[in-house]
Amino acid sequence: MTEPPTEPESTPPPEQPAEPAFEAPPQSPRRTVRPPLWPYFLTPVAVLIGAAAIVVTIILLDDDPPPAEPIGPALESLSEAVESLAIASEDMRAAAEAAQPAAAPEPVTLRGTLEGYAAALDLDATAFAECLSDNSRLETVGDQLQRGLDLGVNGTPAFFVNNKYISGAQPSAIFAEVIAAELAGSPTSLEHYSESIQVLANREPPAFAILDRAPDFSNAPIKGSPDAAVVIVEFSDFQCPFCQRWYLNTLPEIERQIGDDVALVFLHFPITQLHPNAPTAHVAAECAGEQGKFWEMHDLLFETQDEWSRLPNPN
């Protein structure tokens, strides 16, 4: 097998002659002269004291000295000068400390961000962190995803208004028509629906269908009464942009009807192949639900989707 070509070793440049060091001319030995000590004492305080001594000397040598001024104000001025020097020194020290580079911030991760959301919702931080690490919560998410697969769900968002299947983030007018039809008696044939819904039903694959039964939504979070005449079951993915669009544009209209007659149920359907951060986000919603705040976390995850969806998620 032919050895791969290797990059030739670089030839070092020819050694350059060193520049000769400067040599001082020889000097005759001389007596060492010690430098005077007075420069070391020329601090601002020493200068002030020296000035005061000179003034006193002039006064003493003057034949006709002027009336002596009280020494109190002079001492006070000297004290103020010393104090101002101390303050200036402290200010310089603080400025030097402020100029030091700040410590590098901790890396932002998905888990850390979700724990921040839990704190914003006033959840118990320890319980939330333990729940987030509990693999049994992933089993709950997986169980609900399987329910959707068994019903033929192949994308998100997907909805079941009682036994009526609606695929995709359809406009609020479609949902309003289907809800009204259910409240009026639950049609069993497409001919009872508008042309818009019939167009959805004739797509391939169909975006609207009438099924034999409504889906199982047991143990899932619900808004409204579980005994409502109309139960909307949503299979959704917190990282799905179409799910976010439906949350922002259509859900507000539906929420106005939620109560005794209309209920909304959320089931997990994270599409991990497309949205790798989704499973952890769904577990976070489950953990918030254990503290009574599933819907608050549900809303926060959709509203901040652009913030957490691309964060690193180390195991």
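Conventions and cut-offs
- Residues numbered from 1 in each chain as written.
- Predicted model: local features only at pLDDT ≥ 70, side-chain atom pairs only at ≥ 80, totals over all residues.
- Heavy atoms only, no water.
- Helix = DSSP H or I, 4+ residues; strand = E, 2+ residues; numbered from the N terminus.
- Buried < 20%, exposed > 50% of the residue type's maximum accessible area, 1.4 Å probe, protein only.
- Contact = heavy atoms within 4.5 Å.
- Areas by Shrake-Rupley, 256 points an atom, 1.4 Å probe, with all protein chains shown as cover.
- Pairing = 2+ DSSP bridges.
- Core = buried A, V, L, I, M, F, W, Y, C linked by side-chain atoms within 4.5 Å.
- pLDDT = per-residue confidence, 0-100.
- Phe/Tyr/Trp six-rings, centres within 6.5 Å; stacked < 30°, edge-to-face > 60°.
- Polar contact = N/O pair within 3.5 Å; in protein donor to acceptor, adjacent residues only side chain to side chain.
- Salt bridge = Lys/Arg side-chain N within 4 Å of Asp/Glu carboxyl O.
- Arc of directions from axis to C-beta.
- Axes fitted to C-alpha atoms, helices over the stretch in contact; angles between N-to-C directions.
- Parallel < 35°, antiparallel > 145°, perpendicular 65-115°, else oblique.
- Nonpolar A, V, L, I, M, F, W, Y, C, P; charged D, E, K, R; others polar.

So, on to the overall build of the protein chain. Helix and strand content of the protein chain: 12 helices and six strands. The burial tally for the protein chain puts 31% of its 315 residues in the buried class. A separation threshold of at least 6 residues defines the contact pool for the protein chain, and within that pool the share at least 24 residues apart is 75%. By element, 57% of the accessible surface of the protein chain is carried by carbon and sulfur atoms, the whole surface being about 20,800 Å².

Taken across its seven residues, strand E6 (residues 262–268) has seven buried, putting it largely inside the fold. The two faces of E6 match: Val262, Leu264, Phe266 and His268 on one face and Ala263, Val265 and Leu267 on the other face are all buried. In this sheet, E6 lies alongside strand E4 (residues 222–223) in antiparallel orientation, the contact comprising two bridges. Bridge assignment links isoleucine 222 to a residue of E6, and that residue is valine 265. As judged from the seven bridges shared by strand E5 (residues 230–236) and E6, these two strands associate in the parallel manner. For valine 233, the partnering residue across the bridge sits in E6 and is valine 265.

Counting residues in each nonpolar core, the largest one holds 50 residues, and the members touching the most others are Ile232, Met297 and Leu301. Not counting residues within four places of it along the chain, the set of residues in contact with leucine 301 comprises Leu114, Tyr117, Phe238, Ala281, Ala285 and Trp308. By size, the runner-up hydrophobic cluster in this structure holds 14 residues, among which are Phe160, Ala220, Val265 and Ile271.

It is worth spelling out the confidence of the model for the protein chain at this point. Chain-level pLDDT for the protein chain is 79 on average; 66% of the residues reach the 70-or-more range. Confidence over residues 1–49 falls short of pLDDT 50; this stretch has eight contacts with residues more than four positions distant or in other chains. Below pLDDT 50 for its whole length, residues 51–75 participates in one contact with residues either more than four positions away or in separate chains.

Evaluation of the coordinates by the stated rule reveals 12 aromatic pairs. The rings of Phe238, Tyr247, Phe266, Phe294, Trp295 and Phe302 are connected pair by pair, giving a single aromatic cluster.

Looking at the secondary structure, you find asparagine 163 in the loop between strand E1 (158–161) and strand E2 (164–167). On a C-alpha basis, the gap between asparagine 163 and aspartate 212 in space is 6.7 Å, while along the polypeptide they are 49 residues apart. Non-local contacts of asparagine 163, meaning those with residues more than four positions away in its chain, are made with Glu182, Ser186, Ala209, Ile210, Leu211, Arg213 and Ala214. A polar side-chain atom of asparagine 163 sits 2.8 Å from the main-chain carbonyl oxygen of leucine 211.

You can see alanine 181 is positioned in helix H6 (residues 172–183). In contact with alanine 181, not counting residues within four places along its chain, are Ser186, Pro187 and Tyr193.

This next bit is on the pattern of salt bridges. On inspection of all chains with the given rule, the structure shows eight salt bridges. Note that lysine 164 and glutamate 182 form a salt bridge whose closest N and O atoms lie 2.7 Å from each other. Taken together, the residues span a long stretch of sequence, with lysine 164 in strand E2 and glutamate 182 in helix H6 at a distance of 18 residues. Of the two residues examined, lysine 164 and glutamate 182, each falls in the buried class. Bridged by salt links that share partners, the residues Asp134, Arg137 and Glu290 form one connected network.

Let us now look at helix H8 (residues 241–249). Along an α-helix, a turn takes 3.6 residues, which lines up residues three or four apart on a common side. Buried residues of H8: Cys243, Gln244, Trp246 and Tyr247, and no others. Projection of H8 onto a plane perpendicular to its axis shows the buried side chains occupying an angular sector of 160°, all on one side. As for H8, its buried residues are in contact with E1, H6, E5, helix H9 (251–255), helix H11 (294–303) and helix H12 (305–308).

Time to look at the packing of helix H10 (residues 278–290) against H11. At a minimum axis separation of 7 Å, H10 and H11 run at an interaxial angle of 150°. Regarding the angle of H10 to H11, the classification is roughly antiparallel. Contacts from Ala281, Ala284, Ala285, Glu286, Ala288 and Gly289 in H10 reach Phe294, Met297 and Leu301 in H11. Grouping the amino acids of the contact of H10 with H11 by side-chain chemistry returns seven nonpolar, one polar and one charged.

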